[in-house]
Amino acid sequence: KSMDWEQPFFEDLTLWMDPTPRDGAWNMALDQAWLEAGGKPLLRVYRWDQPTVTIGYAQNLARLADALPGWPVVRRWTGGGVVFHQEDATYTLMVPAAVDWAETRPVESYRLIHGSLAAALVEAGYAGCRLAGPEDVKDLPFCFEAPALHDVIRGPVKVAGAGQRRGRLGLLHQGSVQQVRVVEAFWRSWAARLATRVTELTDPPLEVWQRAEELAERRYRQESWLHSREDLEP
């Protein structure tokens, strides 16, 4: 069982190395728009246009505010804790509901994705990367101070965590890699572990852009979404 992430999860995967650093609202909106679009599983690798804080879907911003830097804050559609995006590498794995793998149980999907990621990091030269076990877990609101079960750790240091959301659209897994340096080739190598066939995309279809623009404005830029998860979605 411990090596069941060595086999590809998918027959086909789209890889999008998003070349443009974006603000928090756009990054969150593009992920949701892609999941809504359906089709094949997609791995999106992306950057931020400035240091940004993301908070988990269920977190209370008012309780966290005093401990946050003066960076822009955006609420994710996924769970998990507070993540500071500055020197990290970020990715999202989207598995539409029509793909059977989207039915993988939450804890199991988290373990498998991070097991595959840890193996790719070891292959890239970061020896010692492994999954956090029960003995490594800490209960703190700040994601990278507190390994959760099946996060990726290297010694005592957490190097990768994620938030997930699953529902009628499928599985959304938004991840951050910190404390290690990964280059573009790493993501191509990991994509090849995740799927038998990988197609690299240069630009999303127009309908994804249009839906992302709508979501950015009507959800992720809204103060009501940031503070209480309410937005203007019908």
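Here the structure is a predicted model, which is why all the values come from computation and not from measurement. (Residues numbered from 1 in each chain as written. Predicted model: local features only at pLDDT ≥ 70, side-chain atom pairs only at ≥ 80, totals over all residues. Heavy atoms only, no water.)

## Points about the sheet that holds strand β7 (residues 129-131)
Here 8 strands make up an open sheet; going across it, the order is β7-β8-β9-β10-β6-β2-β1-β11 and the pairing mixed. Pairing within the sheet leaves two strands with one partner each, and these edge strands are β7 and β11 (195-201). Looking at each pair of strands side by side, their axes are set apart by 20° on average, direction ignored. Note: strand β8 (residues 152-154) against strand β9 (residues 157-167), 3 bridges, orientation antiparallel. Within β9, the residue paired with Arg154 across the bridge is Val157. Strand contacts of helix α4 (residues 184-194): β1 (10-17), β2 (42-46), β6 (89-96), β10 (170-177) and β11, with the helix running at about 165° to β1, the strand carrying the most contacts. (Pairing = 2+ DSSP bridges. Helix = DSSP H or I, 4+ residues; strand = E, 2+ residues; numbered from the N terminus. Axes fitted to C-alpha atoms, helices over the stretch in contact; angles between N-to-C directions. Contact = heavy atoms within 4.5 Å.)

## Side note on the environment of Leu30
Secondary-structure assignment places Leu30 in helix α1 (residues 24-37). Residues Leu30 and Leu112, 82 residues apart in the sequence, show an inter-C-alpha distance of 24 Å. In this structure, Leu30 is in contact with Trp16, Asp18, Arg22, Arg44, Val208, Trp209 and Ala212, ignoring residues within four places of it in sequence.

## Remarks on helix α3 (residues 106-123)
Taking 1.5 Å as the rise per residue, α3 with 18 residues should run 26 Å; its terminal C-alpha atoms sit 26 Å apart, in good agreement. In terms of residue burial, α3 counts as a mostly covered element, since 14 of its 18 residues are buried. Downstream of α3 by a residue or two, Gly125 has a phi angle that is positive, lying close to 110°. (Expected span 1.5 Å × (residues − 1). Buried < 20%, exposed > 50% of the residue type's maximum accessible area, 1.4 Å probe, protein only.)

## Quick word on the pattern of salt bridges
Oppositely charged side chains are able to pair whenever their charged atoms sit close together. Counted by the stated rule, this structure contains 18 salt bridges. Notably, a salt bridge pairs Arg44 with Asp18, separated by 3.0 Å at the nearest N-O pair. Here Arg44 is found in strand β2, whereas its partner Asp18 is found in the loop between β1 and α1, with 26 residues between them in sequence. You'll find Arg44 and Asp18 in the same group, each marked buried. Here Lys158 and Asp151 are joined by a salt bridge, their closest N and O atoms 2.7 Å apart. In this structure Lys158 comes out as buried when scored by relative accessible area, which is 4%. With relative accessibility at 0%, the residue Asp151 sits in the buried group. One salt-bridge network, held together by shared partners, links Asp18, Arg22, Asp31 and Arg44. (Salt bridge = Lys/Arg side-chain N within 4 Å of Asp/Glu carboxyl O.)

## Overview of the nonpolar core
Counting residues in hydrophobic clusters, the biggest one holds 37 residues, and the most contacted among them are Leu43, Leu121 and Trp187. Breaking this core down by element, the ones donating at least two residues are β1, β2, β6, α3, β7, β9, β10 and α4. Per-element tally for this core: the top contributor is α3, with 7 residues. If we skip the residues at most four places from it in the chain, Leu43 touches Leu13, Thr14, Leu15, Trp16, Tyr91, Thr92, Leu93, Trp187, Trp190, Ala191 and Leu194. Judged by nonpolar contacts, the second largest core, of 22 residues, contains Trp16, Leu42, Leu172 and Ala216. (Core = buried A, V, L, I, M, F, W, Y, C linked by side-chain atoms within 4.5 Å.)

## Some details on empty space enclosed by the protein
In the structure shown here, the tally under the stated rule is 1 cavity of 30 Å³ or more. For the largest cavity, the calculated volume is near 90 Å³. Residue assignment for the lining of the largest cavity shows that the elements contributing at least two residues are β5 (83-85), β9 and β10. (1 Å grid on protein atoms, 1.4 Å probe; cavity = no way out; pocket = protein on both sides within 12 Å on 5 of 7 lines; lining within 4 Å. Points joined across faces, edges and corners; volume = space filled by probe spheres on them.)

## Some points on unusual backbone geometry
What you tend to see is this: most non-glycine residues have negative phi, and most peptide bonds are trans. Of note in the backbone geometry, His150 takes a positive phi value of approximately 75° without being a glycine. Within the fold, His150 resides in the loop between β7 and β8.

## Brief notes about the side chain of Asn27
Here Asn27 shows up in helix α1. For Asn27, a relative accessible area of 0% corresponds to the buried category. Side-chain polar atoms of Asn27 contact the backbone oxygen of Arg47, separated by 3.1 Å. Beyond its immediate stretch of four places on either side in the chain, Asn27 contacts Arg22, Arg44, Tyr46, Arg47 and Trp48. (Polar contact = N/O pair within 3.5 Å; in protein donor to acceptor, adjacent residues only side chain to side chain.)

## Describing the layout of surface pockets
When its volume is computed, the largest pocket comes out at roughly 430 Å³. Around the largest pocket, the lining comprises 21 residues; the ones closest to its centre are Tyr46, Arg47, Asp88, Ala89 and Val182. Residue assignment for the lining of the largest pocket shows that the elements contributing at least two residues are β2, β6 and α4. Classifying every residue of the lining of the largest pocket by side-chain character gives 11 nonpolar, 4 polar and 6 charged. Within this model, the second largest pocket holds a volume of roughly 250 Å³. Forming the walls of the second largest pocket are 20 residues, and the residues nearest its centre are Gly80, Gly81, Ala146, Ala148 and Ala162. Examining the composition of the lining of the second largest pocket, we find that 4 residues originate from one element, β9, more than from any other. Residues belonging to the lining of the second largest pocket are distributed by class as follows: 10 nonpolar, 6 polar and 4 charged. (Nonpolar A, V, L, I, M, F, W, Y, C, P; charged D, E, K, R; others polar.)

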